[in-house]
Amino acid sequence: MQQNADTDVLQALDAVLQARKEATGDSSYVASLYEKGLNKILEKVGEEASEVIIAAKDCDGEQGQEALLGEIADLWFHSMVLLAQQGLSSGQVLAILQERFGLSGHEEKASRS
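Since the structure is predicted, the reported quantities are computational estimates derived from the model, not experimental observations. (Residues numbered from 1 in each chain as written. Predicted model: local features only at pLDDT ≥ 70, side-chain atom pairs only at ≥ 80, totals over all residues. Heavy atoms only, no water.)

Student: How should the pattern of salt bridges be read in this particular structure?
Tutor: Pairing between side chains becomes possible if they bear opposite charge and their charged atoms approach one another. Taken as a whole and judged by the stated rule, the model has 3 salt bridges. For Glu43, the salt bridge identified is with Lys40, shortest N-O distance 3.0 Å. Here Glu43 pairs with Lys40, and both are found in helix H3 (residues 38–57), just 3 residues apart, close to one helical turn. Judged by its relative accessible area of 43%, Glu43 falls in the partly exposed class. The shortest N-O distance in the salt bridge between Glu48 and Lys44 comes to 3.8 Å. Of this pair, Glu48 and Lys44 both sit in helix H3, 4 residues apart, which is roughly one turn of that helix. Under the relative-accessibility criterion, Lys44 is labelled buried at 13%. (Salt bridge = Lys/Arg side-chain N within 4 Å of Asp/Glu carboxyl O. Helix = DSSP H or I, 4+ residues; strand = E, 2+ residues; numbered from the N terminus. Buried < 20%, exposed > 50% of the residue type's maximum accessible area, 1.4 Å probe, protein only.)

Written out as C-alpha cells, the structure reads:
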C-alpha cells in the first residue's frame, strides 16, 4: 500500500512542477529556475549531489541520518525539476527502474553497451 502513496506523491509533484512552467519567477522558486534555464537547474542538481555526498560522509547517528535524508530529498526534488524542464516525468524513471528490477547490476550495465 505504501508504494501507491509514494507514487501518488511523485505524480502530484510532477503535476506541480509542470504547472510552475506557467508561473512567473517572482511567484515560485521552481518557476524562477525554469526562467534561469537549463544551466541553473543543472547547477542546482550538482550542488545537491555534492551536499548528499558530504551528508553521507558526516552521517553519524539519528541527526546525521535526518540530514542525509533531507539532502537526498533536495536532490530528488531538483532532479524532478530537471525532468519536468526536459518534458519528462518521474513515472518514466520509475518505469525504467521497474524494467531493471530483478536484473543483476552486471547484466543491466552490460545491456547498455
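Student: Got a minute to help me understand the nonpolar core in this structure?
Tutor: Ranked by size, the top nonpolar core spans 9 residues in total: Leu10, Leu17, Val30, Leu33, Tyr34, Ile41, Met80, Val81 and Ala84. Of all the secondary-structure elements, those providing two or more residues to this core are helix H1 (2–19), helix H2 (29–36) and helix H4 (61–85). Apart from the residues within four sequence positions on either side, Ala84 is in contact with Leu17, Gln18, Lys21 and Tyr34. Core analysis: the second largest hydrophobic core is formed by 5 residues, Val45, Val52, Ala55 and Leu68 among them. (Core = buried A, V, L, I, M, F, W, Y, C linked by side-chain atoms within 4.5 Å. Contact = heavy atoms within 4.5 Å.)

Student: Got a minute to help me understand H4 in this structure?
Tutor: For the α-helix, the turn length of 3.6 residues means that residues three or four positions removed from each other point alike. If you check H4, its first and last C-alpha atoms are 36 Å apart, about what 25 residues at 1.5 Å a residue would give, namely 36 Å. Residues of H4 that are buried: Gly64, Leu68, Glu71, Leu75, His78, Met80, Val81, Leu83 and Ala84. (Expected span 1.5 Å × (residues − 1).)

Student: What is the right way to read the side chain of Ser90 from this model?
Tutor: Residue position: Ser90 is located in helix H5 (residues 90–100). Residue class for Ser90 comes out buried when judged on its relative accessible area of 7%. Contacts of Ser90, omitting those with residues within four sequence positions, involve Leu10, Gln11, Asp14, Met80 and Leu83.

Student: In this structure, what is going on with the packing of H2 against H3? I would like to understand it.
Tutor: When two helices pack together, you describe them by how their axes are tilted relative to each other and by the distance separating the axes. Close contact between H2 and H3 brings their axes to 5 Å; oriented N to C, the two are set at 120°. For the element pair H2 / H3, the angle class is oblique. When H2 is examined against H3, the residues Tyr29, Leu33, Tyr34 and Lys36 are found in contact with a partner set consisting of Leu38, Lys40, Ile41 and Lys44. For the contact of H2 with H3, the per-class residue count stands at 5 nonpolar, no polar and 3 charged. (Axes fitted to C-alpha atoms, helices over the stretch in contact; angles between N-to-C directions. Parallel < 35°, antiparallel > 145°, perpendicular 65-115°, else oblique. Nonpolar A, V, L, I, M, F, W, Y, C, P; charged D, E, K, R; others polar.)

Student: I would appreciate a short explanation of H3 in the present structure.
Tutor: For H3, built from 20 residues, the straight-helix expectation of 28 Å at 1.5 Å per residue is met to within 8% by its first-to-last C-alpha distance of 29 Å. By the burial criterion, the buried members of H3 are Ile41, Lys44, Val45, Glu48, Val52 and Ala55. The buried side chains of H3 occupy one side of the element, clustering within an arc of 100° when seen end-on. Those residues of H3 that are exposed and angled more than 90 degrees off the buried face are Asn39, Ile53, Ile54 and Lys57. On its buried face, H3 is in contact with H2 and H4. (Arc of directions from axis to C-beta.)

Student: I tried to follow the side chain of Lys44 on my own but got confused; where do I start?
Tutor: At a separation of 3.0 Å, a polar atom in the side chain of Lys44 contacts the side chain of Glu47. Not counting residues up to four positions away in its chain, the partners in contact with Lys44 are Tyr29, Leu33 and His78. (Polar contact = N/O pair within 3.5 Å; in protein donor to acceptor, adjacent residues only side chain to side chain.)

It is worth stressing that arrangement in space is one thing and function is another; only the former is reported here.
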